[in-house]
Amino acid sequence: QVQLVESGGGLVQAGGSLRLSCAASGSFFSINGMGWYRQAPGKQRELVAAVTSGGSTNYADSVKGRFTIFRANSKNTVYLQMNSLKAEDTAVFYCYAETGDYRRYWGQGTQVTVSS
């Protein structure tokens, strides 16, 4: 089992920045991919950014150039630095982690609200 604890969400004005973090703990041999999804009201959950254990990254087109994902493997923690936030970034952000046996675990979600 893997437990994911997220932090860093909140209310920010458009153009501002936030950094989300997600720490994994529990009983596991290794964590491969980690990343972030988000879900806005009335919309489907969408991938925001992902990072492999080797550091390769993938971003949604809507956040490229504004968001940066990075991880501290020694701490089993993934971060999402969000700059130039827009009102349309308002959503609940969920982190996930995939263990070596290809199971995916989710965090509880953290609210990000961007006021225009």
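The structure displayed is predicted, hence computed values, not measured ones. (Residues numbered from 1 in each chain as written. Predicted model: local features only at pLDDT ≥ 70, side-chain atom pairs only at ≥ 80, totals over all residues. Heavy atoms only, no water.)

Novice: Explain the nonpolar core to me, please; I cannot follow it from the model alone.
Specialist: Side chains of a nonpolar character, in soluble globular proteins, are inclined to be buried together. Grouped together as the largest cluster of nonpolar side chains are 30 residues, with contacts concentrated most on Trp36, Leu80, Met82 and Phe93. Contributions of two or more residues to this core are made by strand S1 (2–7), strand S3 (18–26), strand S4 (31–39), strand S5 (46–51), strand S7 (67–72), strand S8 (77–82), strand S9 (91–99) and strand S11 (110–115). Phe93 has contacts with Glu6, Leu20, Trp36, Tyr37, Arg38, Val48, Phe67, Leu80, Met82, Gly109, Thr110 and Val112, leaving out every residue within four places of it along the chain. (Core = buried A, V, L, I, M, F, W, Y, C linked by side-chain atoms within 4.5 Å. Buried < 20%, exposed > 50% of the residue type's maximum accessible area, 1.4 Å probe, protein only. Helix = DSSP H or I, 4+ residues; strand = E, 2+ residues; numbered from the N terminus. Contact = heavy atoms within 4.5 Å.)

Novice: Help me understand the pairing of S5 in this model?
Specialist: Successive side chains on a regular strand alternate, one facing one side of the sheet and the next facing the other. Bridging between S4 and S5 involves 5 bridges; their strand directions are antiparallel. Counted as the bridge partner of Trp36 is Ala49 from S5. Counting the residues in the hairpin turn of S4 and S5 gives 6 residues, including Gly42, whose phi is positive at 80°. Pairing between S5 and strand S6 (residues 57–59): 3 bridges, direction antiparallel. Bridge pairing in S6 links Val51 to Thr57. (Pairing = 2+ DSSP bridges.)

Novice: Which parts of the structure should I look at to understand the sheet that holds S1?
Specialist: In space, the 4 strands of this open sheet follow the order S1-S3-S8-S7, with antiparallel pairing throughout. With partners counted over all chains shown, the strands left at the sheet margins are S1 and S7, one partner each. Between one strand axis and the next, the sheet turns through 15° on average, direction left out of account. (Axes fitted to C-alpha atoms, helices over the stretch in contact; angles between N-to-C directions.)

Novice: What's the story with the packing of aromatic side chains in this structure? I'm lost.
Specialist: The geometry of two aromatic rings is summed up by the distance between their centres and the angle between their planes. A complete count under the given rule lists 4 aromatic pairs for this structure. Measuring from centroid to centroid gives 5.6 Å for Tyr37 and Tyr96, while their planes differ by 65°, and the two rings are edge-to-face. Of the two residues, Tyr37 is situated in strand S4 and Tyr96 in strand S9; the sequence distance between them amounts to 59 residues. Aromatic side chains Tyr96 and Trp106 sit 5.7 Å apart centroid to centroid with 50° between the ring planes, which places their arrangement in the tilted category. One end of the pair, Tyr96, is in strand S9; the other, Trp106, is in strand S10 (residues 104–106), with 10 residues separating them in the sequence. The exposure class assigned to Tyr96 is buried, which follows from its relative accessible area of 5%. Each member of the aromatic cluster is reached from another via a ring pair, and the members are Tyr37, Tyr96 and Trp106. (Phe/Tyr/Trp six-rings, centres within 6.5 Å; stacked < 30°, edge-to-face > 60°.)

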